Amino acid sequence: MSDRPLQEPTLLLLTALADEPRHGYGLIQEVDAISQGRVRMRTGTLYGALDRLLQQGLIRVEREEVVDGRARKVYALAEPGRCVLAAETERLRAVVAEAERRMAARRVPATRPKGALA
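Residues numbered from 1 in each chain as written. Predicted model: local features only at pLDDT ≥ 70, side-chain atom pairs only at ≥ 80, totals over all residues. Heavy atoms only, no water.

**A word on helix α3 (residues 43-55)**
Okay, step 1: Between its terminal C-alpha atoms α3 stretches 18 Å, which fits the 18 Å expected from 13 residues at 1.5 Å a residue.
Okay, step 2: Looking at the buried side of α3, the elements it contacts are α1 (8-17), α2 (24-34), β2 (59-67) and β3 (70-77).
Okay, step 3: Positioned one or two residues after α3, Gly57 has a phi angle of 80 degrees, which is positive. (Helix = DSSP H or I, 4+ residues; strand = E, 2+ residues; numbered from the N terminus. Expected span 1.5 Å × (residues − 1). Contact = heavy atoms within 4.5 Å.)

**Description of the environment of Ala87**
Okay, step 1: Among the secondary structure elements, Ala87 is positioned in helix α4 (residues 79-106).
Okay, step 2: Classification of Ala87 as partly exposed rests on a relative accessible area of 47%.
Okay, step 3: In this structure, the C-alpha to C-alpha distance between Ala87 and Asp3, residues 84 residues apart in sequence, is 9.2 Å. (Buried < 20%, exposed > 50% of the residue type's maximum accessible area, 1.4 Å probe, protein only.)

**Describing the packing of α1 against α3**
Okay, step 1: Interhelical geometry of α1 versus α3 gives an angle of 75 degrees and a closest axis separation of 11 Å. For the element pair α1 / α3, the angle class is roughly perpendicular. Across the interface between the two elements, Thr10, Leu13 and Leu14 of α1 pack against Leu46, Ala49, Arg52 and Leu53 of α3.
Okay, step 2: Residues belonging to the contact of α1 with α3 are distributed by class as follows: five nonpolar, one polar and one charged. (Axes fitted to C-alpha atoms, helices over the stretch in contact; angles between N-to-C directions. Parallel < 35°, antiparallel > 145°, perpendicular 65-115°, else oblique. Nonpolar A, V, L, I, M, F, W, Y, C, P; charged D, E, K, R; others polar.)

**Quick notes on the pattern of salt bridges**
Okay, step 1: Enumeration according to the criterion identifies twelve salt bridges in this entry.
Okay, step 2: Residue Glu30 is joined to Arg22 by a salt bridge in which the shortest nitrogen-to-oxygen separation is 3.6 Å.
Okay, step 3: Look at Glu30 and you get partly exposed, because its relative accessible area is 25%.
Okay, step 4: Overall, Arg22 belongs to the buried group, its relative accessible area being 10%.
Okay, step 5: Across the pair Asp32 and Arg40 runs a salt bridge whose closest N-O atoms are separated by 3.5 Å.
Okay, step 6: The exposure class assigned to Asp32 is partly exposed, which follows from its relative accessible area of 26%. (Salt bridge = Lys/Arg side-chain N within 4 Å of Asp/Glu carboxyl O.)

Printed below as a string of structure tokens:
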């Protein structure tokens with residue numbers, strides 16, 4: 001894994017797996033919830049991303065099960081994925097802190113125009 005920031009879909013998928021393993025449809029629902037409906041993953045996009053994350057060793061297949069006659073994989077965050085997610089969380093936290101610092105430095109106390117009533 002590189003030191004580049006994570007793409008948003010990757011960040012959301014790793015976050016969705018941070019607390020418990022999930023199957024594909026569960027991941028789609030979690031990404032929707034985490035992003036407050038802003039990001040809606042399509043099935044093709046989801047499974048392409050999951051394949052890439054599996055190849056990178058960031059996630060793993062926890063188990064395979066059959067539900068209503070259909071095979072379903074349940075994915076879990078692998079330890080390298082947990083490390084990548086933690087590093088990205090720290091990077092984002094630092095960016096937010098710097099943005100807040102800079103915005104606070106630019107705040108100027110409100111002044112009234114000359115002659116304005118209080």
